[in-house]
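# Inside the fold
Spelled out, the chains give:
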Amino acid sequence: MKGYSGKILHVDLGSGTFEVEQPEEAFYRKYIGGSAMGAYYLLKGTKPKVDPLGPGNIMVFSLGPITGAPISGNARHCVTTKSPLSGTIMSSEAGGYWAPELRFAGFDAIVVKGRAASPVYLWIHDGKFELRDASKVWGKFTADAEELIRAELGEPKARLALIGPAGEKLVRFAAIANDLRHFNGRGGVGAVMGSKNLKAITVRGTIKPDWYNPELFRTLAKAGSEKVNAEGFYKTFRDLGTTMNVDWNSDIGGLPTRNWTMGTWEKREDIRAETYRAKMMDKYGGTCWACAQSCKRDVKGGLEAPWKVEARYGGPEYETIGMCGSNCMISDLPTIAKANEICSKYGMDTISAGGVVGFVMECFEKGLITTKETAGLDARFGNGPALVGLIEMMAKREGFGDDMAEGTHRLAKKLGNAAMACDMTVKGKEFPAHMPQSKRTMALMYAVNPFGPDHVSSSMDGEFSGEIGETDKGIGIYDTVDFKELGFGKAKAVAYTQRAVSAIDTFTVCNFCFNTWTIFSFEDLVACVNAATGWHYTVAEMMILGERRINMLKAYNVREGFDSSDDNLPRRLFDEALIDEGAGKGQKVDERAFLEARKAYYEINGWDPVSGNPGKTKLMELGLEWTIA
Ligand code: SF4
């Protein structure tokens with residue numbers, strides 16, 4: 001078989017044993033990789049209602065068919081597991097350098113089960129594998145553990161997917177880091193790794209993948225580089241990265257501010273892309289393996305005031321600036337970079353961490369939390385030292401940090417009804433930094449997405465509000481939909497683009513490189529799949545793949561007892577209009593329109609319009625009859 005390694009490594013941490021599976025090509029064609037492959041193993045290998053932090057949960061680290069091809073956007077891997085934050089299945093992707101190294105080490109995926117009796121790390125190199133004692137690195141920050149493990153192995157080029165102290169302490173939104181600045185950030189996948197006493201998966205390889213048509217990669221890589229280097233959007237995106245979202249979102253009243261009660265902020269200038277670039281960076285940002293788009297943010301060395309910020313942990317992306325910055329009303333970039341550094345070294349999701357702090361700040365201002373809980377910190381909005389102090393407390397589970405580490409939803413329930421009104425989560429997972437009040441696509445997507453609120457599981461409103469592009473037409477979207485509409489047209493656009501993005505995630509490619517607006521199109525994507533494998537993949541088959549993955553994720557959640565009652569939004573979004581004086585002023589989500597759009601979304605997907613769950617017919621159509629109980 002071309003492209004793939006053809007091997008999946010199964011590791012039982014409880015017994016310390018291994019098994020190498022060599023699936024048929026038909027398995028790869030149907031489940032491809034990413035969280036479709038992950039959901040397959042989770043559905044087959046775990047019992048319903050399994051404790052996400054117990055030994056019965058499993059973790060799947062999986063690649064796609066093109067991972068490791070020398071072209072932008074092919075350096076990602078997915079972690080699939082049951083989330084300790086949401087109780088749903090979790091699909092958490094990361095870029096960086098780890099994924100291609102796993103392919104060069106000879107594997108397409110790793111399935112981890114059980115719990116080790118004491119801390120271990122997994123060492124995989126050129127087809128070989130072993131578990132090694134990790135007691136010396138347990139408790140260490142991500143950077144220190146990475147350095148020590150590389151030194152112990154004598155492999156300075158080894159790549160590590162590892163957890164920090166937050167994962168070890170089972171912070172429910174702990175992340176897995178690779179190369180210190182790339183994260184499987186969302187949903188607490190790092191806590192699951194911690195619960196298994198697994199500090200790191202270390203990989204190193206020299207096995208060259210056998211591509212069917214490597215020439216195609218060379219041609220596309222050259223074209224991609226030329227686009228990024230020419231004057232225009234892609235060059236600007238390289239220079240400014242995701243921080244460009246500060247302006248884009250603020251312009252439509254969608255920059256989360258003051259725990260989701262405002263969508264514009266007078267201090268936007270202090271945190272916007274150009275300010276970040278000028279103040280915080282002295283060169284272009286970082287990149288992922290082989291990526292010309294190079295969108296990552298750095299911080300320059302020598303930042304000392306008001307905080308000493310370690311450059312090796314990279315810089316905050318837009319999501320961190322939105323959630324730890326504007327949402328907490330912090331406009332000082334070094335403070336936000338410090339919050340980012342703490343999350344990176346302890347291994348913690350910056351989106352959830354910022355969401356928890358925004359919630360705590362609102363509760364503090366309302367008198368629901370006092371300095372008694374915050375260990376003396378004046379946790380009002382805008383207080384930088386409070387942001388940094390609270391994040392450190394939750395990373396260590398120290399004092400009140402122990403409650404914060406449980407996530408906003410569990411903390412709100414503990415504090416009572418008044419606090420519940422400030423809880424901005426769906427399925428217990430904090431929102432990313434895009435406001436449903438101003439982006440109707442996100443109102444729908446945050447509610448219905450199987451693994452909770454996510455900003456990169458479908459396209460957003462601007463894509464459909466003008467002339468429809470050829471790539472969208474190619475997946476069945478022809479009609480312009482008003483930016484502010486929330487009805488059938490929006491539901492259809494969300495459902496169709498969700499299928500496309502679902503396929504992108506299953507191929508484990510970067511959706512900043514392969515999308516409707518990026519250097520590579522969907523046609524380029526399937527051309528890459530064919531160049532890797534020799535298949536005759538099409539965009540139509542890609543859409544079926546995307547739909548299959550979504551239905552697999554849903555099937556898992558149905559097994560866990562989820563239904564449409566969980567596909568809802570916090571009351572604040574329906575009841576409270578935004579209070580800022582800018583573009584956000586007065587915006588909220590129309591509840592009736594939302595419920596109609598949700599029903600339409602279910603129907604477009606062929607699901608039950610009341611329960612929102614896939615029925616037998618849809619599952620059989622997608623070849624998922626084996627998921628029916
Ligand atoms: S576009 Fe950005 S996130 Fe995507 S692969 Fe390139 S550097 Fe990584």
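Please read these numbers as outputs of a predicted model, since none were measured by experiment.

### Thoughts on the pairing of strand S1 (residues 8–12)
With five of five residues buried, S1 lies mostly within the body of the structure. Where S1 lies against strand S2 (residues 17–21), five bridges are found, and the strand directions are antiparallel. The partner of His10 across the bridge, within S2, is Glu19. Connecting S1 to the antiparallel partner S2 that follows it, the hairpin turn spans four residues, and Gly16 within it adopts a positive phi of roughly 70 degrees. Across five bridges, S1 lies against strand S6 (residues 109–113) in parallel orientation. Bridge pairing links Asp12 to Lys113 in S6.

### Let's talk about helix H22 (residues 522–533)
Given a rise of 1.5 Å per residue, twelve residues ought to cover 16 Å, and the 17 Å separating the end C-alpha atoms of H22 matches this to within 8%. By the criterion of burial, H22 is predominantly enclosed, with ten of the twelve residues buried. Here H22 has its buried residues at Phe522, Asp524, Leu525, Val526, Cys528, Val529, Asn530, Ala531, Ala532 and Thr533. Residue Ser521 occupies the N-cap position of H22, its side-chain oxygen lying 3.3 Å from the main-chain nitrogen of Glu523. Just past H22, the residue Gly534 takes up positive phi, approximately 85 degrees.

### Some remarks on the site of the ligand
Residues in close proximity to the ligand include Gly73, Thr287, Cys288, Cys291, Gln293, Ser294, Cys295, Cys510, Phe512 and Cys513, which together make up its full environment. Partitioned by chemical class, the residues of the shell around the ligand number six nonpolar, four polar and no charged.

### What about empty space enclosed by the protein?
Following the criterion strictly, the structure yields three cavities of 30 Å³ or more and no others. In this structure, the largest cavity occupies an estimated 50 Å³ of space. Around the largest cavity, the lining residues are Lys427, Val448, Pro450, Lys554, Asn557, Phe562, Asp563, Asp567 and Asn613. Class assignment for the residues of the lining of the largest cavity results in three nonpolar, two polar and four charged.

### Describing the nonpolar core
Formed by 185 residues in total, the largest nonpolar core has its most connected members in Ile201 and Ile391. For this core, the element with the highest residue contribution is helix H14 (residues 350–365), accounting for nine residues. Not counting residues up to four positions away in its chain, the partners in contact with Ile201 are Phe61, Trp98, Ile110, Val112, Leu122, Ile124, Arg159, Leu160, Ala161 and Met193. Formed by twelve residues, the second largest nonpolar core is a distinct cluster that contains Tyr121, Ala145, Leu153 and Ala158.

Rules and cut-offs
- Residues numbered from 1 in each chain as written.
- Predicted model: local features only at pLDDT ≥ 70, side-chain atom pairs only at ≥ 80, totals over all residues.
- Heavy atoms only, no water.
- Buried < 20%, exposed > 50% of the residue type's maximum accessible area, 1.4 Å probe, protein only.
- Helix = DSSP H or I, 4+ residues; strand = E, 2+ residues; numbered from the N terminus.
- Pairing = 2+ DSSP bridges.
- Expected span 1.5 Å × (residues − 1).
- Polar contact = N/O pair within 3.5 Å; in protein donor to acceptor, adjacent residues only side chain to side chain.
- Near = heavy atom within 4 Å.
- Nonpolar A, V, L, I, M, F, W, Y, C, P; charged D, E, K, R; others polar.
- 1 Å grid on protein atoms, 1.4 Å probe; cavity = no way out; pocket = protein on both sides within 12 Å on 5 of 7 lines; lining within 4 Å.
- Points joined across faces, edges and corners; volume = space filled by probe spheres on them.
- Core = buried A, V, L, I, M, F, W, Y, C linked by side-chain atoms within 4.5 Å.
- Contact = heavy atoms within 4.5 Å.

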